[in-house]
Structures are given as C-alpha cells and as structure tokens.
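# Coordinate analysis (summary)
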Amino acid sequence: MNKRAFPVLMGLSLVFFAVAPVLIVRAPYEQEMGLIQKIFYFHFASWMAMYLAILVLGIASALFLFRRKPAADRLAVAAAEAAVVFGLMGLITGPLWAVKSWGVWWTWDARTTMAMILELILVAYLILRAYGGPGSDRLAAGLGMFAMANLPFLYVSTEIWRTIHPPTSVVPTLPVDFGLPLWWSVAGFVVLCLALLTARVRLEEQRATLDRLYLALEEE
Amino acid sequence: MLRLDRFGVSQEKALVYRRLTIVAVLIVCVGLLGATTTQAAQPAQPSVPEGFVPMDDVPPEDQLPAAPLLAAAYVVVWVIALGYLWTIWRRLGSVEKELADAMRRVGADGA
C-alpha cells in the first residue's frame, strides 16, 4: 500500500473533523429531540464508515477465497478491525442518544439487535484470525463474506420490521441545514476509515515481510 | 494446496479441530444471544406504549440534560479513533523494530 497515502488521508480527515463541529453547532435544533439530535451527525457517520469497512472486508475476503490473493487477505484483516472500531463508536453513541430520547440506554429492537450481532460477527472474525491457527484465514474469509451479506438487512431493518429506531429513509429527505453537517461528517468518517485502513494494511504488509524473513533464516 | 505459515503443518489436524471448536463456540454464543433477544423482546411488546413516555410529560427534575450526553458522544468517538490509531502506531513500531533486527541477522548470516 502507498506509504504516502496515510498522511494525505489523515490530513484530509483532520480538515473534515475540524470543520464538522462548526457545521453541527450551526445546524438548527430538531423540533422534537432538541439538542440531543446532534449526536446523530457522528452516530450515522460512524455506521457509514462501518458499512464501508464491511464492504471492503467482504470483497477482499471473496478475492482471497476464490483468487488466493494474499494482498486481499491483508486488506480484509485491516477492514475487519476498522469495522469493529467504527461499529463500537455507533454502539456507544446510540445509547447516549437513546437514554435521552427513549428513556432507556438500550432496547432489544430489531435494528439495535442486528447491529450488535454484526459487531459480534466481526469480533468473531478477529478472534478466529488471532487464535484459529493455520487455515483460519480461509474460514475467516467465509465469515467476512457472511458479515457483508448482513449489511442490506441491517440497513433496511427499520423499514421492514416493527422498530422504534428512526427509519433510514429520512436521511435522503433531510433539508440542507441538517443534510450539510451530516454528509460532511460522513465524508470525514469515510476518509478517516480509509486512512486507518491504509495504516493497518501497512502493518500487515510488514508482518508478512517479517514472516518471509524468518522463514528464510530458518531455511539457512 | 494448503498454505503453510510459521506454525508449521505437522499439527494440522489438531489445529483444524481447534478451529472448529472456536467456530462452534462462537456460533453457540451468537445463538444464545439470539435466544435471549427473542425471549426479552416477546414480553416487552405489549408494554411499549407504557414504557416510553413523551419527554414533555416528564417533570424537569427527572429529565436528563442533553449537553453532557452530546459531549460524551463526541469525546467517545475521538477517544476510540485516536486510541485505535495509537495501537496501530505501537504495533507498527514493534514490527518494524523486529524487522530491522531480522534484516541485520540475514545480513550477518550472508556475510
């Protein structure tokens, strides 16, 4: 992976994150939820970054499983870790919003439950990679594709099941005052996700080089 | 063709069983979570209208202030992002140090 991509992406994400609070503070208060609705700008954006990471994980896993590309496997590991990180942000910011809006920290609603299960699948992927031993990379690749298959269900869960979670369908209809800080934040999270992926792939590449060196030393 | 790694292939069978055990444990955990979810969700359905009171009906002393929750949400996001970046940086530093040592050993063996 290009070594210069990380500082460029990280710098760009810092610009997005520096401007985002200004746009969020200037955004009008939502009529029913008031101030607490402003959590939504980072909450939704963190899920979008998680979706992106899972998409990368699924595609890279498929490439590794069917085309045997080691570079794709390294990208998949990096994407799985990033997905867990952004999922964790969503799972923490969600309850902080819910305790004010719903009066409870957590409810076993269709959307929240699916999000929790998806996070557990990703954690399972990382555990499998860490402790599964030889061949676990292929098993994990299957799990990665399974995680990606869950994405559309998670996205439409608020539309097809009875749930108290706000529906995703409101997002494209948001007026500019709400939409600008939201999509700005989404862009910031997506760029941050790409920066973290770049750094994490670099780590995997260095580990692969180290493994090859150790093998060469053993053969001597 | 099996891919070899630093663990070696001599214990392959034992490791396959270990992998399967890990996957089975994970499936059971997710299953148990699902079962708990279903059990928890079923009785809660009729009580939903009673459980969620409109914010305007709650006395001011019982209402949570929004600002600390909002600040906490943004702080959490920053802490997680910077914390994760720090772990990558730390791991990368450790691997690069090990890599430099291994390169020196390869160079010394070659000489």
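Further up the page is the structure itself.
Residues numbered from 1 in each chain as written. Chains lettered and ligands numbered in written order. Predicted model: local features only at pLDDT ≥ 70, side-chain atom pairs only at ≥ 80, totals over all residues. Heavy atoms only, no water.

### What about the overall build of chain A?
- The helix and strand tally for chain A stands at 6 helices and 0 strands.
- Written out in order from the N terminus, the α and β elements of chain A read α-α-α-α-α-α.
- Each of the three principal axes of chain A carries a C-alpha extent, and together these read 70 × 35 × 25 Å.
- Per-residue burial for chain A yields a buried fraction of 54% across its 220 residues.
- Partitioning the contacts of chain A with sequence separation of at least 6, the portion at a separation of at least 24 is 76%.
- In the form shown here, chain A has an accessible surface area of approximately 9800 Å², with 69% of it arising from carbon and sulfur atoms.
- Each charge class in chain A was averaged separately, 17 positive and 15 negative side chains, and the resulting centres sit 4 Å apart. (Helix = DSSP H or I, 4+ residues; strand = E, 2+ residues; numbered from the N terminus. Buried < 20%, exposed > 50% of the residue type's maximum accessible area, 1.4 Å probe, protein only. Contact = heavy atoms within 4.5 Å. Areas by Shrake-Rupley, 256 points an atom, 1.4 Å probe, with all protein chains shown as cover. Lys, Arg positive; Asp, Glu negative; His and termini not counted. Charge placed at Lys NZ, Arg CZ, Asp CG, Glu CD.)

### As for the packing of aromatic side chains
All names here are of chain A.
- Under the criterion given, the structure shown has 13 aromatic pairs over all chains.
- With centroids separated by 6.0 Å and ring planes inclined at 90°, the aromatic side chains of Phe44 and Trp183 adopt a geometry described as edge-to-face. Note that Phe44 is positioned in helix 2 (residues 40–67) and Trp183 in helix 6 (residues 176–219), a separation of 139 residues in sequence.
- For Phe44, a relative accessible area of 8% translates into the label buried.
- What makes Trp183 partly exposed here is its relative accessible area of 45%. (Phe/Tyr/Trp six-rings, centres within 6.5 Å; stacked < 30°, edge-to-face > 60°.)

### Thoughts on helix 4 (residues 110–131) of chain A
Residue and element names in this part refer to chain A.
- For helix 4, spanning 22 residues, the distance from its first C-alpha to its last is 31 Å, which sits close to the expected 32 Å at 1.5 Å a residue.
- Of the residues making up helix 4, those classed as buried are Arg111, Thr112, Thr113, Met114, Ala115, Leu118, Glu119, Ile121, Leu122, Ala124, Tyr125 and Leu128.
- For helix 4, the N-terminal cap is Asp109; the gap from its side-chain oxygen to the backbone nitrogen of Arg111 is 3.0 Å. (Expected span 1.5 Å × (residues − 1). Polar contact = N/O pair within 3.5 Å; in protein donor to acceptor, adjacent residues only side chain to side chain.)

### What to know about the interface of chain A and chain B
- Opposite the 60 residues of chain A that make contact, chain B presents 49 residues.
- In total, about 5100 Å² of surface goes out of reach between chain A and chain B, with carbon and sulfur atoms giving 75% of it.
- Taken together, the links from chain A to chain B amount to 2 salt bridges.
- Of all the elements, helix 6 of chain A adds the most residues to the side of chain A that touches chain B, at 15 residues. (Buried area = accessible area lost by both parts, 1.4 Å probe. Salt bridge = Lys/Arg side-chain N within 4 Å of Asp/Glu carboxyl O.)

### Some points on a nonpolar patch on the surface
- A contiguous nonpolar surface patch, about 470 Å² in accessible area, is contributed by A:Phe153, A:Tyr155, A:Val156, A:Ile160 and A:Trp161.
- Its place among the elements puts A:Val156 in helix 5 (residues 136–160). (Patch = residues over 30% accessible without salt bridge, like charges linked within 9 Å, V, L, I, M, F, W, Y side chains within 5 Å.)

### A short note on the pattern of salt bridges
All names here are of chain A.
- Enumeration according to the criterion identifies 7 salt bridges over all chains in this entry.
- Between Arg200 and Glu204 there is a salt bridge whose closest N-O contact spans 2.8 Å. Of this pair, Arg200 and Glu204 both sit in helix 6, 4 residues apart, roughly one helical turn. Of the two residues, Arg200 and Glu204, both sit in the buried class.

### Observations concerning the packing of helix 3 (residues 70–101) of chain A against helix 4 of chain A
Residue and element names in this part refer to chain A.
- Between helix 3 and helix 4, whose axes approach to 9 Å, the crossing angle comes to 140°. The crossing of helix 3 and helix 4 is left-handed. Mapping the contact onto sequence places Asp73, Ala76, Val77, Ala80, Glu81, Ala83, Val84, Gly87, Leu88 and Leu91 in helix 3 and Ala115, Met116, Glu119, Leu122, Val123, Tyr125, Leu126 and Arg129 in helix 4. (Axes fitted to C-alpha atoms, helices over the stretch in contact; angles between N-to-C directions. Left-handed = near helix turned anticlockwise from the far one by under 90°.)

### Overview of the nonpolar core
- Membership of the largest hydrophobic core comes to 81 residues, with the highest contact counts inside it found for A:Phe86 and A:Phe189.
- Of all the elements in the fold, those that place two or more residues in this core are helix 1 (5–26), helix 2, helix 3, helix 4, helix 5 and helix 6 of chain A together with helix 1 (12–44) and helix 3 (66–110) of chain B.
- Among the elements that make up this core, the one with the highest residue count is helix 3 of chain A (17 residues).
- Apart from the residues lying within four places of it in its own chain, the contact partners of A:Phe189 are A:Phe17, A:Phe42, A:Ala45, A:Ser46, A:Ala49, A:Phe86, A:Met89 and B:Val77.
- In terms of nonpolar packing, the next biggest core, distinct from the first, is built from 7 residues, A:Leu203, B:Leu92, B:Val95 and B:Ala102 among them. (Core = buried A, V, L, I, M, F, W, Y, C linked by side-chain atoms within 4.5 Å.)

### Focus: the side chain of A:Gln37
- Mapped onto the elements of the fold, A:Gln37 is located in the loop between helix 1 and helix 2.
- Residues within four places of A:Gln37 in sequence aside, it is in contact with A:Glu30, A:Trp97 and A:Phe178.

### Thoughts on the packing of helix 3 of chain A against helix 6 of chain A
Residues and elements named next belong to chain A.
- Where helix 3 meets helix 6, the axes come as close as 8 Å, and the angle between the chain directions of the two elements is 140°. Judged on the interaxial angle alone, helix 6 and helix 3 are oblique. Crossing angle aside, the handedness with which helix 3 passes helix 6 is right-handed. Of helix 6, the residues touching helix 3 (which contributes Arg74, Leu75, Val77, Ala78, Ala79, Glu81, Ala82, Phe86 and Met89) are Phe189, Leu192, Cys193, Leu196, Leu197, Arg200, Val201, Glu204, Glu205 and Ala208. (Parallel < 35°, antiparallel > 145°, perpendicular 65-115°, else oblique.)

### What about the environment of A:Trp108?
All names here are of chain A.
- Looking at the element boundaries, Trp108 is found in the loop between helix 3 and helix 4.
- Overall, Trp108 belongs to the partly exposed group, its relative accessible area being 33%.
- Linking Trp108 and His43, residues 65 residues apart in sequence, is a C-alpha distance of 18 Å.

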